[in-house]
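# Descriptive structure summary
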Amino acid sequence: GQDASTPETLESRTLEGIARYIKDGKAKKIVIMTGAGISTSAGIPDFRSPETGLYANLARFDLPHAESVFEISYFRNNPNPFYMLAQELDPSKFRPTITHSFIKLVHDKGLLLKLFTQNIDCLESRAGVPSDSIIEAHGSFATASCIECKSRYLPEKMLEVVRKGSVPQCEDDTCRGLVKPNIVFYGEPMPESFSQNKTLPADADLAIVMGTSLTVYPFASLPGFCGEGVPRLLINNEQVGSLGSRPDDVLLLEDCDSGVRKLAKALGWLEELETEWAKT
Ligand code: APR
């Protein structure tokens, strides 16, 4: 037979194992970690996929380097590339994917201990995951504020100003700072909710990592905080981070939507999952 350590052997044998572990009631406190890969099938590009990723498609903005569009120092001097992008990424234009609905279903079954997401598209909330179960490590489009005095502004108002071709500025005449959504730019601090939770809850008994390259810290260090003996399931197009380094890691190296359908089928949840997704 094949060498037991090759991912193919791991994924076939142990996806069933993960489903059995959940069905046997051994996973009651599941932590889920997600990135842009769970929203690509909704039409929102991820960041680093070659060709389709956002960072490969910013040439029109003539940036010093791709990430500049999300750097606070660059934004202060030239906010236009971000504002142009913000219109394209306006989350209200997109529908959650079946992967978002899978997370909602895990919550409905009382098994979701916490969702850590890097995504700013609010699709997890739109799929029905309650906000107190979500840690938005990189903020979100849900609120906007002045980058100088931190006064709050409505994101829709901000986008309206942008659509008219103007630059949304703080209404306080002594400030006049730029207004942007509360997504975390490079050079900005993480939200309180994450800076206090830069580790996984100690009582987590299963970890599921989906749709992330695990390249941005401190988020990328989260899977490493899984206790010994806590299985870690990766559902991702490619192997990432330290996933696969532990004997009980499970690698499902494929599209998130088909991976969650496979897991739901093995759990006997597929019908419920499709119904859940149809509601979004
Ligand atoms: N199914 C499974 N995997 C996918 C899919 C899909 N449909 N689409 C993309 N992927 C995988 C890619 O192969 C890659 O491993 O998801 C991962 C996406 O990685 P990134 O594009 O780097 O996105 P992410 O990990 O969320 O980026 C982290 O970078 O710029 C910052 O703040 C930004 O939150 C973002 C952070």
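Computed from a prediction, not measured in an experiment: that's the story for all the values here.

In the vicinity of the ligand there are 22 residues, among which Arg 48, Tyr 55, Thr 212, Ser 213 and Glu 238 approach most closely. Within the side chain of Thr 40, an N or O atom sits 3.1 Å from a nitrogen atom of the ligand. The contact in question runs from a nitrogen atom of the ligand to an N or O atom on the backbone of Cys 256, over 2.9 Å. A total of 730 Å² of accessible area belongs to the ligand in isolation, and the protein chains cover 94% of it. Split into classes, the residues belonging to the shell around the ligand amount to six nonpolar, eleven polar and five charged.

What follows concerns the UniProt feature "binding site: Zn(2+)" (unreviewed entry) in the protein. Summarizing the sequence annotation, UniProt attributes the feature "binding site: Zn(2+)" (unreviewed entry) to Cys 146, Cys 149, Cys 170 and Cys 175 in the numbering used throughout. Spanning 30 residues, the named residues form one tight spatial group whose C-alpha atoms are at most 8.9 Å apart. Along the chain, Cys 149 falls in the loop between strand 4 (139-146) and strand 5 (152-153). Look at Cys 149 and you get partly exposed, because its relative accessible area is 33%.

Another aspect to go through is the environment of Glu 188. Within the secondary structure layout, Glu 188 lies in the loop between strand 6 (179-183) and helix 7 (192-195). It is 29 Å that separates the C-alpha atoms of Glu 188 and Ser 41, two residues lying 147 residues apart in sequence. If we ignore the near neighbours within four places in the chain, the residues touching Glu 188 are Ile 72, Lys 180 and Ile 183. Polar contacts involving the side chain of Glu 188 include one to the side chain of Lys 180, which spans 3.0 Å. Within the structure, the side chain of Glu 188 is placed 2.9 Å from the backbone nitrogen of Phe 185, a separation counted as a polar contact.

Residue Tyr 217 is joined to Pro 218 through a cis peptide bond whose omega torsion reads 5 degrees. Residue placement: Pro 218 occurs in the loop between strand 7 (206-210) and strand 8 (232-235). A positive phi angle, close to 50 degrees, is found at Asp 62, a residue other than glycine. With respect to the secondary-structure elements, Asp 62 resides in the loop between strand 1 (30-34) and helix 2 (72-77). When its relative accessible area of 67% is taken as the criterion, Asp 62 is described as exposed.

Let's shift gears to the packing of helix 4 (residues 98-108) against helix 8 (residues 256-267). Viewed as axis vectors pointing N to C, helix 4 and helix 8 meet at an angle of 35 degrees, and their least axial separation amounts to 8 Å. Of helix 8, the residues touching helix 4 (which contributes Ile 98, Thr 99 and Phe 102) are Cys 256, Asp 257, Val 260, Arg 261, Leu 263 and Ala 264.

Taken in spatial order, the six strands line up as 3-2-1-7-8-9 in an open sheet, and their pairing is parallel. If you trace the sheet from one side to the other, it starts and ends with strand 3 (134-136) and strand 9 (249-252), each paired once. Averaged over all adjacent pairs, the angle separating strand axes in this sheet is 15 degrees, with direction ignored. Its contacts with the sheet place helix 8 against strand 7, strand 8 and strand 9, and it is angled at close to 135 degrees to strand 8.

The next subject is the pairing of strand 4. Where a strand is regular, its side chains alternate between the two sheet faces. Counting buried positions along strand 4 yields six of eight residues, so the element is predominantly enclosed. Here four bridges tie strand 4 to strand 6, and the two strands are oriented antiparallel to one another. Of the residues in strand 6, the one forming a bridge with Gly 139 is Ile 183. The sheet contact formed by strand 4 and strand 5 spans two bridges and is antiparallel. Residue pairing across strands places Ala 144 opposite Tyr 153, the latter belonging to strand 5.

Here the focus is the packing of aromatic side chains. Counted by the stated rule, this structure contains twelve aromatic pairs. Between Phe 75 and Phe 185, the aromatic rings sit 5.4 Å apart at their centres with planes inclined by 75 degrees, giving edge-to-face as the arrangement. With Phe 75 in helix 2 and Phe 185 in the loop between strand 6 and helix 7, this pair connects stretches of sequence that are 110 residues apart. You'll find Phe 75 and Phe 185 in the same group, each marked buried. Between the aromatic rings of Phe 82 and Phe 185, the centroid separation amounts to 5.0 Å while the plane-to-plane angle is 70 degrees, which identifies the pairing as edge-to-face. Note that Phe 82 is positioned in helix 3 (residues 80-88) and Phe 185 in the loop between strand 6 and helix 7, a separation of 103 residues in sequence. Judged by relative accessible area, which is 1%, Phe 185 ranks as buried. One aromatic cluster in this structure is built from Phe 47, Tyr 55, Phe 70, Phe 75, Phe 82, Tyr 83 and Phe 185. The ring of Phe 185 has Lys 180 lying over it, and the distance from NZ or CZ to the ring centre is 4.3 Å.

Conventions adopted
Numbering of residues starts from 1 in each chain and follows the order in which that chain's sequence is written. Whole-chain, interface and lining totals are the exception, using all residues; otherwise, since this is a predicted model, local features are given only for residues with pLDDT of at least 70 and side-chain atom pairs are given and counted only at 80 or more. To obtain the side-chain values, all non-hydrogen atoms of the structure were included, while hydrogens and water were left out. Residues are labelled near a given molecule or strand when at least one of their non-hydrogen atoms is within 4 Å of it. Polar contacts, as counted here, are pairs of nitrogen or oxygen atoms within 3.5 Å of one another; within protein the pair requires one atom able to donate a hydrogen and one able to accept it, and residues that are adjacent in sequence qualify only if both atoms are side-chain atoms. Residue exposure ignores everything except the shown protein chains as possible cover, and the areas themselves are Shrake-Rupley values with a 1.4 Å probe. Three classes are used: nonpolar for Ala, Val, Leu, Ile, Met, Phe, Trp, Tyr, Cys and Pro, charged for Asp, Glu, Lys and Arg, and polar for all others, with Gly counted as polar. UniProt positions are given in the numbering used here, feature names are shortened, and annotations may be inferred rather than shown by experiment. Secondary structure elements follow DSSP: runs of H or I no shorter than four residues count as helices, runs of E no shorter than two count as strands, and numbering proceeds from the N terminus. Any residue under 20% of the maximum accessible area for its type is buried, any over 50% is exposed, and the rest in between are partly exposed; the area is computed with a 1.4 Å probe on protein chains only. Note on contacts: a residue pair qualifies if any of its non-hydrogen atoms lie within 4.5 Å across the two residues. Convention adopted: a line fitted to C-alpha atoms gives each axis, helices being fitted over their contacting stretch, and angles between N-to-C directions are expressed from 0 to 180 degrees. Any two strands are treated as partners once DSSP identifies two or more bridges connecting them. Each Phe, Tyr or Trp ring, with Trp reduced to its six-membered ring, pairs with another whose centre is within 6.5 Å; inter-plane angles below 30 degrees give stacked pairs, above 60 give edge-to-face pairs, and intermediate values give tilted ones. A ring is considered to have a charge above it if a Lys NZ or an Arg CZ atom is located within 6 Å of its centre and within 35 degrees of its normal.

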